[in-house]
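Inside the fold
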Amino acid sequence: MAAPVALSYTHVHSLRVASGAEALVARVLDGSGNAGFGFTLNLDAGVARDMAAWDALGQARGVPLHGLLGGSYRKTVRLVRDELPAIPADWTALRKDILEGRHELLRIDPFAWGSVEMVQTIAAVAAAFDLSIALLAPNAHPWEIQYCAALAATLKGEDTRIIVRTNATKAVNVSGLPGIGIDWSVEPSFSRIRWQS
Amino acid sequence: MAKLGVSSVRLTRVSIPLTLVHAGSMYVIQKTERTVVELTLENGVTGLGETWGTPDVYSLAQRFAKDLLGKDALNRFALKDLLGKSTYDNRFGRNGLATLAGLDLAAWDATARSLKMSLAELVGARKRESIDVVSTLPAAILQKAGTREDLTDHLDVLANTRRVVEFALEQLRKSGFRSFKLKSAAYSPEWDWKLLNELREAMPAARIRFDPNANYGVATATELCRRLDPLGLEFFEDPTGELEGIARLKAAVKTPVATNMWVVKDEHLVPAIRRKAVDVVLGDLFMWGGIDAWRRMARTAHAFGLKPALHSVYETGIATVANLHIASALPEVEYPNDSGLHFLSSDVLAEPQIVEDGSMRLPSGPGLGVTLDRNKLEKVTLETMQIGGPR
């Protein structure tokens, strides 16, 4: 399930970020012309479009993602270095593992699981089974960390955290800005994208 | 939009006569009592909610409403803090969850109105414009509410089952209902067996759910439900209890088994999943403590192969419409919504909420898409209280 917004335009552009990695950046317009942006460094445009739709909705309504999803459990999220593998994006296997008690902390790569809705479903299951969630920012890119923070705001559990594979600062703030709260200017190449009208 | 602060809450306890005598195993009643919630934000937008109308819940709602003033309706997750940080801390039990749900619904409505979104969109998406609803069938057709003995005397005469069948056919003719819930007094398996057979014969295509409210023992219920299996009922709702009993019954029958009594809050869900105790979680918004709790239940239940559905009793148009929005928003909801609004002698909304061809349409417009009718409200008011804001 995507964001509850009708889109009149979607476009995906590839981009080289400062680290040299390739990103896909999506731009969408809702029916009133409000723009939203999303991205991924996983090269699966679906997650970027989903993110952009939520961003457009939040921008149009003037509220952050957590305001659309029901609220925020926290103002900051712990950022932790953790090299354990993320749980593969396989719902059948995850359900089985949860029933068998194989997890205490669900290491979820939101870019692999594909949508805000999917993360919310995992969050509901985690809350029911009293499990915590760690959101993986796979490349530790600032955009990934900011998006994970926006999602983490909506997740129950004292152990909620963002995990990165590199050295980590202690915490990251949850943005109060409308939409998904990403500072696109950290990548100068973003402003050079020529979007089709 | 940095914050949607709550500036006042108005609570109105109402009593509305029913147009039928509701007879089941738990009670025989002729009226419904509810608390209507009007929650106004600092931006002037008012959201509507509703909850149980018992004096205890009305009193608790006043207490919670005072704590709600100044809180941010955008952060509806935080409303649960009114009950305490954990289930252990919730000293208010079911009344607390129901009270919270009424205020929570008003906060969702006020937020959706402020964001110019329908409630369905704010909950998830507006996927369906009309939702099939279920007509309750009383265990017996009585002329007036009486004692349990009055009811059982009536049930001793098996020929009286015909009156319930005629009542069902009248609902079918009037409003095109395709789904029915037969309440059972859980007094006479022979009455239930005969009546359900007659209902099936009279309405071969209808979805029929059977609800004795867990007042049959496990052995009696299992024996009865096995006999009823060939009728192809929609589900057995709380044929017995508790979770272990209903799980054993489920293992013995082919018809799906639903509960609105044994899986009614967060901590019931995982044991029910592990025990494979039920097929359908017939969740009541007010027992679950509000929209987010209900939505989490629906997602989790569905993820593990259970089907979530919306339970209700005799609610006003406010909660009835809220349930329509939730059903529209969540693809996990496949079963028709319970609804008793069509048996209320009046409503509190300006816009009539009509059942046509067995379904109800989602109102258009932001939030719930409905407006309170002050004149109608006053006529059914028992007491009212304003917390915060101008007096």
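Please refer to the structure higher up on the page.
Description of the structure in this document. (Residues numbered from 1 in each chain as written. Chains lettered and ligands numbered in written order. Predicted model: local features only at pLDDT ≥ 70, side-chain atom pairs only at ≥ 80, totals over all residues. Heavy atoms only, no water.)

Glancing now at the overall build of chain B. Scanning chain B from terminus to terminus reveals 13 helices and 13 strands. For 391 residues, the compact-globule estimate of 2.2 N^0.38 gives 21 Å, and the C-alpha radius of gyration of chain B, at 20 Å, lies within 12% of that figure. With the C-alpha coordinates aligned to their principal axes, the bounding extent of chain B is approximately 60 × 45 × 35 Å. Counting the 391 residues in chain B, one finds 63% classified as buried. Considering only contacts in chain B between residues 6 or more positions apart, those separated by 24 or more positions represent 74%. Total accessible area on chain B is roughly 14,400 Å²; 51% of this is exposed by carbon and sulfur atoms. Here chain B contributes 49 positively and 48 negatively charged side chains, and the mean placements of these two sets differ by 3 Å. (Helix = DSSP H or I, 4+ residues; strand = E, 2+ residues; numbered from the N terminus. Rg over C-alpha atoms; globule rule 2.2 N^0.38 Å. Buried < 20%, exposed > 50% of the residue type's maximum accessible area, 1.4 Å probe, protein only. Contact = heavy atoms within 4.5 Å. Areas by Shrake-Rupley, 256 points an atom, 1.4 Å probe, with all protein chains shown as cover. Lys, Arg positive; Asp, Glu negative; His and termini not counted. Charge placed at Lys NZ, Arg CZ, Asp CG, Glu CD.)

A contiguous patch of negative charge on the surface is contributed by Glu-149, Asp-150, Asp-153 and Asp-156 of chain B. With respect to the element layout, Asp-153 of chain B can be found in helix 4 (residues 148-155). (Patch = residues over 30% accessible without salt bridge, like charges linked within 9 Å, V, L, I, M, F, W, Y side chains within 5 Å. Salt bridge = Lys/Arg side-chain N within 4 Å of Asp/Glu carboxyl O.)

Judged by nonpolar contacts, the single largest core of 198 residues is most densely connected at Phe-39 and Leu-106 of chain A together with Leu-199 and Trp-294 of chain B. Residue contributions to this core peak at 12 residues, all from helix 2 (residues 93-115) of chain B. Discounting residues that sit within four places of it in the chain, Trp-294 of chain B has contacts with Gly-283, Asp-284, Leu-285, Trp-288, Pro-308, Ala-309, Leu-310, Ile-326, Leu-330 and Val-333 of chain B. Within the second largest apolar cluster, six residues are counted, among which are Phe-235, Ala-258, Leu-282 and Ala-309 of chain B. (Core = buried A, V, L, I, M, F, W, Y, C linked by side-chain atoms within 4.5 Å.)

This paragraph deals with the layout of surface pockets. If you add up the space inside the largest pocket, you get close to 1,200 Å³. Taken together, 45 residues form the lining of the largest pocket, with Tyr-73 and Lys-156 of chain A together with Lys-80, Lys-85 and Ser-86 of chain B sitting closest to its centre. At the level of elements, helix 5 (116-128) of chain A together with helix 2, helix 9 (266-275), helix 10 (285-288) and helix 11 (291-303) of chain B are the ones that each hand at least two residues to the lining of the largest pocket. Broken down by element, the lining of the largest pocket gets its largest block of residues, six residues, from helix 11 of chain B. Among the residues making up the lining of the largest pocket, the classes are represented as 19 nonpolar, 11 polar and 15 charged. The volume enclosed by the second largest pocket comes to roughly 790 Å³. For the lining of the second largest pocket, the secondary-structure elements that each account for two or more residues are strand 2 (28-41) and strand 5 (179-183) of chain B. Ranked by residues supplied to the lining of the second largest pocket, first place goes to strand 2 of chain B with five residues. In terms of residue class, the lining of the second largest pocket is built from nine nonpolar, 11 polar and 11 charged. (1 Å grid on protein atoms, 1.4 Å probe; cavity = no way out; pocket = protein on both sides within 12 Å on 5 of 7 lines; lining within 4 Å. Points joined across faces, edges and corners; volume = space filled by probe spheres on them. Nonpolar A, V, L, I, M, F, W, Y, C, P; charged D, E, K, R; others polar.)

Facing 29 residues of chain A, the contacting portion of chain B comprises 27 residues. Taken together, the connections running from chain A to chain B amount to one salt bridge. Arg-299 of chain B serves as the salt-bridge partner of Glu-117 of chain A, at 2.8 Å between the closest nitrogen and oxygen. In this structure, the connection of chain A to chain B is made through 10 residue pairs in polar contact (both at pLDDT 80 or more). For the side of chain A that touches chain B, the elements supplying multiple residues, two or more each, are helix 1 (45-61), helix 2 (65-69), helix 3 (91-99) and helix 5 of chain A. Among the elements that line the side of chain A that touches chain B, the one with the most residues is helix 5 of chain A, at seven residues. Grouping the constituent residues of the side of chain A that touches chain B by class yields 16 nonpolar, nine polar and four charged. (Polar contact = N/O pair within 3.5 Å; in protein donor to acceptor, adjacent residues only side chain to side chain.)

This part takes up the sheet that holds strand 7 (residues 161-164) of chain A. Residues and elements named next belong to chain A. Strand order in the open sheet formed by five strands is 5-6-7-4-8, and the pairing between neighbours is mixed. Taken across any chain shown, the strands that pair with only one partner, and hence form the sheet edges, are strand 5 (105-108) and strand 8 (171-173). The mean angle between the axes of side-by-side strands here comes to 30 degrees, regardless of whether they run parallel or antiparallel. Across three bridges, strand 4 (residues 76-81) lies against strand 8 in antiparallel orientation. Counterpart to Thr-76 in the pairing with strand 8 is Asn-173. This element, helix 5, spans strand 5 and strand 6 (132-136) of the sheet and lies at about 150 degrees to strand 6. (Pairing = 2+ DSSP bridges. Axes fitted to C-alpha atoms, helices over the stretch in contact; angles between N-to-C directions.)

What follows is about helix 5 (residues 161-175) of chain B. Residues and elements named next belong to chain B. Helix length check: helix 5 (15 residues) gives 22 Å between terminal C-alpha atoms against 21 Å at 1.5 Å per residue, within 8%. Within helix 5, burial applies to Thr-161, Val-164, Val-165, Phe-167, Ala-168, Leu-169, Gln-171 and Ser-175. Phi turns positive, to about 70 degrees, at Gly-176, one or two residues after helix 5. (Expected span 1.5 Å × (residues − 1).)

Once that is clear, we can look at the pattern of salt bridges. Residues and elements named next belong to chain B. Evaluated as defined, the whole model comprises 33 salt bridges over all chains. The partner of Arg-227 in a salt bridge is Glu-190, with the nearest N and O atoms 2.9 Å apart. Here Arg-227, found in helix 7 (residues 218-228), pairs with Glu-190, found in helix 6 (residues 189-202); they are 37 residues apart in sequence, far enough to count as distant. Each member of the salt-bridge network shares a partner with another, and the members are Lys-181, Arg-207, Arg-209, Glu-234, Glu-237 and Asp-338.

Residues and elements named next belong to chain A. Scanning all chains against the criterion turns up 17 aromatic pairs over all chains. Ring centres 5.3 Å apart and planes at 75 degrees place the aromatic pair Phe-37 and Phe-190 in the edge-to-face group. Separated by 153 residues along the polypeptide, Phe-37 in strand 3 (residues 35-40) and Phe-190 in the segment after strand 8 bring together distant segments of the chain. For Phe-37, a relative accessible area of 17% puts it in the buried group. (Phe/Tyr/Trp six-rings, centres within 6.5 Å; stacked < 30°, edge-to-face > 60°.)

Moving on, we get to helix 11 of chain B. Counting along an α-helix, one turn takes 3.6 residues, and residues three or four places apart therefore face a common direction. All names here are of chain B. Under the 1.5 Å per step criterion, the end-to-end length of helix 11 is 18 Å for 13 residues, consistent within 8% with the ideal 18 Å. Of all 13 residues that make up helix 11, 12 are buried, and the element is covered over most of its length. Turning to helix 11, its buried residues are Ile-291, Asp-292, Ala-293, Trp-294, Arg-295, Arg-296, Met-297, Ala-298, Arg-299, Thr-300, Ala-301 and Ala-303.

Residue and element names in this part refer to chain A. Inspection of the secondary structure puts Asp-82 in the loop between strand 4 and helix 3. Polar contacts involving the side chain of Asp-82 include one to the side chain of Arg-107, which spans 2.8 Å. Once residues within four sequence positions are removed from consideration, Asp-82 is found in contact with Arg-107, Ile-163, Val-164 and Arg-165.

Turning to the sheet that holds strand 13 (residues 381-388) of chain B, a few remarks are in order. All names here are of chain B. Pairing is antiparallel in the open sheet, where four strands are placed in the order 3-2-1-13. Across the chains shown, the open sheet's two edge strands, defined by having one partner strand only, are strand 3 (46-52) and strand 13. Pairs of neighbouring strands in the sheet enclose a mean axial angle of 20 degrees, with direction left out of account. Relative to strand 13, strand 1 (residues 6-23) is paired through seven bridges, and the arrangement is antiparallel. Pairing of Val-14 across the sheet is with Thr-381, part of strand 13. Helix 1 (residues 55-68) contacts strand 1, strand 2, strand 3 and strand 13 of the sheet and is inclined by roughly 160 degrees relative to strand 1.

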